[in-house]
Amino acid sequence: MATFSFMLAYAAGVYFHAATASLSDAYQPGLDSLKRYVQPDIALWVLPLIAYGWKSVHLAKVAQRCALGGLVCCAMLYVFCSVHQSTAGMSWVAPADRTLASTVQRSLFSPSFSGRSMGSITGSAIFAAMAWGLSIRINRMLKQRPSGTPSD
């Protein structure tokens, strides 16, 4: 259940970056700061590093599954964004009439995906693949430790 919850949070973060990829502080002040705080790819890297630090084969396997799940999430989101048709008739909103919350809400619930969105998803997929490789390496390394060390 924890792995599933983690993957939902990861997918939401990748979707957030894809939906807001073409927006910046020039359009809505504060958006770039918010994007810096939402970093789903970092979570995929933290899990294998914790597994290595704790010498936990079990946690390394969880990290492996999460990174592989991240790749699957990115692939599914890439396909979704590729076939998604943006809502016609979306009008421009004057700067005085928009807030950070309304901009984010509009981006998430009425997205208009662009090449930047696809690049954002591709970048997340690359990080997920690298985290998967790191998890596999750590898992193998932990399984090969000398028999005198405690195991899970």
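One can find the structure itself at the top, above this paragraph.
Residues numbered from 1 in each chain as written. Predicted model: local features only at pLDDT ≥ 70, side-chain atom pairs only at ≥ 80, totals over all residues. Heavy atoms only, no water.

Draft legend 1. Highlighting helix H3 (residues 40–54). For H3, with 15 residues, the first-to-last C-alpha span of 22 Å sits near the 21 Å given by 1.5 Å per residue. Among the residues of H3, Pro40, Asp41, Leu44, Leu47, Pro48 and Ala51 are the ones counted as buried. Summarising the axial view, the buried residues of H3 lie within an arc of 150°, below the 170-degree limit, and thus occupy one face. In H3, the exposed positions angled more than 90 degrees off the buried face are occupied by Gly53 and Trp54. Buried residues in H3 make contact with helix H1 (2–19), helix H4 (57–83) and helix H6 (115–143). In the stretch just after H3, lysine 55 is the one whose phi turns positive, near 55°. (Helix = DSSP H or I, 4+ residues; strand = E, 2+ residues; numbered from the N terminus. Expected span 1.5 Å × (residues − 1). Buried < 20%, exposed > 50% of the residue type's maximum accessible area, 1.4 Å probe, protein only. Arc of directions from axis to C-beta. Contact = heavy atoms within 4.5 Å.)

Draft legend 2. Here's a closer look at a positive patch on the surface. Side chains of Lys61, Arg65, Arg140 and Lys143 sit close together on the surface and give a patch of like positive charge. For the positive patch, the secondary-structure elements that each account for two or more residues are H4 and H6. You can see lysine 143 is positioned in helix H6. You can call lysine 143 exposed: its relative accessible area is 51%. (Patch = residues over 30% accessible without salt bridge, like charges linked within 9 Å, V, L, I, M, F, W, Y side chains within 5 Å. Areas by Shrake-Rupley, 256 points an atom, 1.4 Å probe, with all protein chains shown as cover. Salt bridge = Lys/Arg side-chain N within 4 Å of Asp/Glu carboxyl O. Lys, Arg positive; Asp, Glu negative; His and termini not counted. Charge placed at Lys NZ, Arg CZ, Asp CG, Glu CD.)

Draft legend 3. Layout of the packing of H4 against H6. Taken N-terminus to C-terminus, the directions of H4 and H6 make an angle of 160°; their axes are 8 Å apart at the nearest point. When the interaxial angle is binned, H4 and H6 end up roughly antiparallel. Once H4 is placed against H6, the crossing between them reads as left-handed. Of the residues assigned to the contact of H4 with H6, the class counts are 20 nonpolar, seven polar and two charged. (Axes fitted to C-alpha atoms, helices over the stretch in contact; angles between N-to-C directions. Parallel < 35°, antiparallel > 145°, perpendicular 65-115°, else oblique. Left-handed = near helix turned anticlockwise from the far one by under 90°. Nonpolar A, V, L, I, M, F, W, Y, C, P; charged D, E, K, R; others polar.)

Draft legend 4. Looking closely at the packing of aromatic side chains. Taken as a whole, this structure holds two aromatic pairs when the rule is applied. With a centroid separation of 6.0 Å and 70° between ring planes, the pair formed by tyrosine 15 and phenylalanine 113 is classed as edge-to-face. Note that tyrosine 15 is positioned in helix H1 and phenylalanine 113 in the loop between helix H5 (100–109) and H6, a separation of 98 residues in sequence. Residue class for phenylalanine 113 comes out buried when judged on its relative accessible area of 16%. Between phenylalanine 80 and phenylalanine 113, the aromatic rings sit 6.0 Å apart at their centres with planes inclined by 80°, giving edge-to-face as the arrangement. You can see phenylalanine 80 sitting in helix H4 and its partner phenylalanine 113 sitting in the loop between H5 and H6, a full 33 residues away along the chain. Taken together through their ring pairs, the aromatic side chains of Tyr15, Phe80 and Phe113 make up a single cluster. Sitting above the plane of the tyrosine 52 ring, lysine 55 keeps its charged end 4.0 Å from the centroid. Over the face of the ring belonging to tyrosine 27 we find arginine 98, whose NZ or CZ atom lies 3.8 Å from the ring centre. (Phe/Tyr/Trp six-rings, centres within 6.5 Å; stacked < 30°, edge-to-face > 60°. Lys NZ or Arg CZ within 6 Å of the ring centre and 35° of its normal.)

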